[in-house]
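Listed below are the residues making up each chain.
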Amino acid sequence: MSRKNTRGLALRGARVLITGAGSGIGRQMALEAARRGASEVILWDLSSERAEAVKGEIQTAGGVASVGIVNVADRAGVAEAAKSILPVDVLINNAGIVTGADLLEATDEDIIRTFDVNTLALYWTTRAFLPAMRDRDRGVIVTVASAAGLVGVAKQTDYSASKFAAFGFTESLRNELRARGSNVSTLIFAPYYINTGMFDGVTTKFPRLLPLLDENDVARRVLDAIESGSQQLILPRLARIMPATRLLPVRAFDRVVDFFGINQTMDHFTGRR
Ligand SMILES: NC(=O)c1ccc[n+]([C@@H]2O[C@H](COP(=O)([O-])OP(=O)(O)OC[C@H]3O[C@@H](n4cnc5c(N)ncnc54)[C@H](O)[C@@H]3O)[C@@H](O)[C@H]2O)c1
């Protein structure tokens, strides 16, 4: 009944759509996918200036790219934009935002926007591109979640919860696809902080064990995971123990998280200014 995706999907010749491709790891994944021979990299972003700049970089290097100015939180806009693009081989749900405030300091709009972009958009993009993947029995749907989807972090009540939801979304989808014997697969990606600017100001207590990750390196690791057929990528390695620590009583779990300074990481957060 179920088949494990062990084959992976070669990026050479593949059509790859990346949301939030104008900046950070979205941009890096776009450049790297083109380098690996993607037949077209489709760059969705809110900012035409940033997305066009990435398209220019890809074209200069001899690759093929196109730009869509699409707000992934706009359900109708996503469905409409997808029509002229279908099918794609890889959908990377990467666009994301962060508030970075205590629950009572965040505005209602901040909270709604975080769930719109980080969680609900997963439904709109995936529902737009999955039918064609299923028809062709080929494709990978990548969810860029976060290590904050494994541990609820202080000053991230909206962000962490939106990323926990991203895990649930992806796991349920994986099981639906397995139940159908589909060759369409999912990949959940959960990184600790990355040096893109989105989380400017965060600090890490143990830079060797829990380093701020490099956006270039991270992008390569995600594309390696797509090509090798991995279904989950948690970076850095130490963050992989977090699910197991849930077996501890809550006080002990909190002590482990405090030991690693996780709840202080946001103390000096400024975000991109
Ligand atoms: N940077 C980190 O420390 C970190 C850590 C863990 C997870 N992540 C996740 O990685 C992903 C990318 O993060 P990044 O650091 O590269 O971010 P970034 O801010 O550098 O880039 C995000 C891009 O998404 C675009 N975007 C935002 N809202 C959008 C919308 N509604 N529709 C379309 N595009 C939109 C922005 O214009 C921007 O170009 C996010 O999902 C983020 O939550 C980041």
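Residues numbered from 1 in each chain as written. Predicted model: local features only at pLDDT ≥ 70, side-chain atom pairs only at ≥ 80, totals over all residues. Heavy atoms only, no water.

Colleague: So what exactly am I meant to see when it comes to helix α1 (residues 24–35) here?
Modeller: Under the 1.5 Å per step criterion, the end-to-end length of α1 is 17 Å for 12 residues, consistent within 8% with the ideal 16 Å. Burial of α1 is extensive: 10 of the 12 residues sit out of reach of the surface. Just downstream of α1 lies Gly 37, where phi reads positive at about 95°. (Helix = DSSP H or I, 4+ residues; strand = E, 2+ residues; numbered from the N terminus. Expected span 1.5 Å × (residues − 1). Buried < 20%, exposed > 50% of the residue type's maximum accessible area, 1.4 Å probe, protein only.)

Colleague: What is the right way to read helix α6 (residues 215–228) from this model?
Modeller: Count 3.6 residues to each turn of an α-helix, and residues three or four apart come out pointing the same way. The first and last C-alpha atoms of α6 sit 20 Å apart over 14 residues, in line with the 20 Å expected at 1.5 Å per residue. Along α6, the residues that are buried comprise Glu 215, Val 218, Ala 219, Val 222, Leu 223, Ala 225 and Ile 226. End-on view of α6: buried residues confined to an arc of 150°, all on one side of the axis. Looking at the buried positions of α6, the neighbouring elements they touch are α1, β4 (90–93), β5 (140–144), β6 (185–191) and β7 (232–235). (Arc of directions from axis to C-beta. Contact = heavy atoms within 4.5 Å.)

Colleague: Got a minute to help me understand the sheet that holds β6 in this structure?
Modeller: Strand pairing in a sheet relies on backbone hydrogen bonds. The paired strands run either parallel or antiparallel. Reading across the sheet, the seven strands line up as β3-β2-β1-β4-β5-β6-β7 and stay open at both edges, with parallel pairing between neighbours. For this open sheet the edge positions go to β3 (65–69) and β7, each flanked by a neighbour on one side alone. Direction aside, neighbouring strands of the sheet carry axes that sit 15° apart on average. As paired strands, β6 and β7 are joined by four bridges and run parallel to one another. (Pairing = 2+ DSSP bridges. Axes fitted to C-alpha atoms, helices over the stretch in contact; angles between N-to-C directions.)

Colleague: Would you take a moment to explain the side chain of Thr 196 for this structure?
Modeller: Note on placement: Thr 196 falls in the loop between β6 and α6. Polar contacts involving the side chain of Thr 196 include one to the main-chain amide nitrogen of Met 198, which spans 3.2 Å. Setting aside its immediate chain neighbours within four residues, Thr 196 contacts Gly 24, Ile 25, Glu 215 and Arg 272. (Polar contact = N/O pair within 3.5 Å; in protein donor to acceptor, adjacent residues only side chain to side chain.)

Colleague: How do you make sense of empty space enclosed by the protein when you look at a structure like this?
Modeller: In this approach, a probe sized like a water molecule rolls over the atoms, and the result shows the empty space that is left. By the definition in use, this model includes two cavities of 30 Å³ or more. Roughly 70 Å³ of volume is contained in the second largest cavity. Along its surface, the second largest cavity is lined by Thr 19, Val 72, Asn 93, Asn 94, Ala 95, Val 117, Asn 118, Ala 121, Leu 122, Thr 143, Val 144 and Lys 163. Elements with a contribution of two residues or more to the lining of the second largest cavity: α4 (108–136) and β5. Of the residues forming the lining of the second largest cavity, the biggest block, four residues, is contributed by α4. Looking at the lining of the second largest cavity residue by residue, the classes come out as six nonpolar, five polar and one charged. (1 Å grid on protein atoms, 1.4 Å probe; cavity = no way out; pocket = protein on both sides within 12 Å on 5 of 7 lines; lining within 4 Å. Points joined across faces, edges and corners; volume = space filled by probe spheres on them. Nonpolar A, V, L, I, M, F, W, Y, C, P; charged D, E, K, R; others polar.)

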